[in-house]
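Overview (structure and organization)
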Amino acid sequence: MKEIIEVENLSFSYEDDYVLKDINLTINKGDFIAFIGPNGSGKSTLLKLLIGDLKASSGQVKLLGKAIKNFKEWDKVGYISQKVRDFNSSFPATVKEIIGAALYQEMGWFKILTKKLEQRIDKVLKLVDMFDYKYRKIGELSGGQQQRVFIARTLISNPEIIFLDEPLVGVDAKSQDEFYKLLAKLNGELGITIVMISHDIYVISDQANKIFCFGNNSIFVHQAEEFDYINYLNQIKGDNKSLVPKHEHQGVNSRCC
Ligand SMILES: Nc1ncnc2c1ncn2[C@@H]1O[C@H](COP(=O)(O)OP(=O)(O)OP(=O)(O)O)[C@@H](O)[C@H]1O
């Protein structure tokens, strides 16, 4: 199946006013999608609609070919939020335990990590370059390292798509760089579809193959190679939160390229 996500005529409002209006878009297998846009333009809202955390006011979302309300294969969907940074050093779980918890269903009657399951933990920790931290407490790791552990936890079930909601807030520049390299590896080598919200327009527009640009209750879809981020940043400068950069494409609501 080529389409991982199909959104048709989707509208959503929390109260009276629409946050997103009549959105149509498709995300294909292997895409690396960046959600960008001013504060309050609906990026997190769309992400929550795509993972079934919110229900559309009208229209529909299909995930892996299934209407979201009937979707059950949640092990194929990873989600990384910015909230994981809340651990502190007294949080008792180790990296191994955090990842092992994702295998709870597979542990059988006695809830024991078999050698096979342990090997799966080792494999994903090596993939994210965190094997040496297996027995460390999660709260003792940096924000960037914690995010890598959570990516590993997601990878344990071989996901087809990973959603990330500003995962690098508060993470230092070097760790951010390593994190982006990891995402490029997951996308390029493992073929995992990535959907990421980011305010780091410069870096994300270099990593993604498509840019979803939010504003005025709409989304404009750009191929990354034709996206002029300097022009974009110049246009959204200032305090006008509702300002949407001028788009060369005619017509509102996605599908414009
Ligand atoms: N639970 C809620 N109840 C009511 N309104 C909400 C709720 N969550 C978000 N909103 C409003 O919906 C709009 C879109 O919010 P959303 O969080 O999706 O924006 P965003 O683009 O992710 O913003 P940011 O970049 O600041 O995270 C905003 O006006 C916000 O105030």
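Residues numbered from 1 in each chain as written. Predicted model: local features only at pLDDT ≥ 70, side-chain atom pairs only at ≥ 80, totals over all residues.

If you check an unreviewed UniProt entry, the protein chain appears there as Zinc ABC transporter ATP-binding protein from Orenia metallireducens. Under the UniProt heading Sequence similarities (unreviewed entry), the note attached to the protein chain is "Belongs to the ABC transporter superfamily." (UniProt positions renumbered as here; feature names shortened; annotations may be inferred.)

1. Focus: the site of the ligand
Surveying the vicinity of the ligand reveals the residues Y14, V19, G37, N39, G40, S41, G42, K43, S44, T45 and F214. In terms of residue count, helix α1 (residues 43–50) provides more of the shell around the ligand than any other element does, three residues in total. Taken together, the residues of the shell around the ligand sort by class into three nonpolar, seven polar and one charged. (Near = placed C-beta within 6 Å. Helix = DSSP H or I, 4+ residues; strand = E, 2+ residues; numbered from the N terminus. Nonpolar A, V, L, I, M, F, W, Y, C, P; charged D, E, K, R; others polar.)

2. Things to note about the nonpolar core
I33, A34, F35, L50, I194 and F212 are the most contacted members of the largest nonpolar core, which has 47 residues in total. Once residues lying within four places of it in the same chain are set aside, the contact partners of I33 are I27, I194, V195, A208, K210 and F212. (Core = buried A, V, L, I, M, F, W, Y, C linked by C-beta atoms within 7 Å. Buried ≥ 20, exposed ≤ 12 C-beta atoms within 10 Å, placed from the backbone. Contact = placed C-beta atoms within 7 Å.)

3. Some points on helix α3 (residues 115–127)
Its 13 residues place the ends of α3 18 Å apart at the C-alpha level, agreeing with the 18 Å of an ideal helix rising 1.5 Å per residue. Looking at α3, one finds that the buried residues are R120, I121, V124 and L125. Down the axis of α3, the sector holding all buried residues measures 130°, keeping them to one side. Exposed and oriented more than 90 degrees from the buried face of α3 are K115, K116 and Q119. Next to the buried residues of α3 lie α2 (95–100) and α4 (143–155). Positive phi shows up at D129, right after α3, with a value of about 65°. (Expected span 1.5 Å × (residues − 1). Arc of directions from axis to C-beta.)

4. Some points on the pairing of strand β1 (residues 3–13)
Pairing of β1 with strand β2 (residues 18–28), which is carried by seven bridges, proceeds in the antiparallel orientation. Bridge pairing in β2 links V7 to L25. Inspection of the sheet shows β1 paired to strand β4 (residues 58–63) by five bridges, in the antiparallel sense. Paired with E6 across the two strands is K62, which belongs to β4. (Pairing = 2+ DSSP bridges.)

5. So, the sheet that holds strand β9 (residues 210–215)
One open sheet holds the six strands; their spatial order is β6-β7-β8-β3-β9-β10, and the pairing between them is mixed. This sheet does not close on itself; its edge strands, each paired only once, are β6 (77–80) and β10 (218–223). Averaged over all pairs of adjacent strands, the angle between strand axes in this sheet comes to 15°, irrespective of strand direction. Against the sheet, α1 contacts β3 (32–36), β7 (161–165), β8 (193–197) and β9, and its axis sits at roughly 150° relative to β7. (Axes fitted to C-alpha atoms, helices over the stretch in contact; angles between N-to-C directions.)

6. Here's the deal with the sheet that holds β1
Spatial strand order, β2-β1-β4-β5: four strands in an open sheet with antiparallel pairing. Two strands bound the open sheet, and with one partner strand each, they are β2 and β5 (66–67). Here α1 sits on the sheet and contacts β1, β2 and β4; the angle it forms with β1, its principal contact strand, is near 120°.

7. Let's talk about α1
When α1 is considered as a whole, its buried residues turn out to be K43, L46, L47, L49 and L50. All buried residues of α1 fall inside an arc of 160° around its axis, so they share one side. Phi turns positive, to about 75°, at G52, one or two residues after α1.

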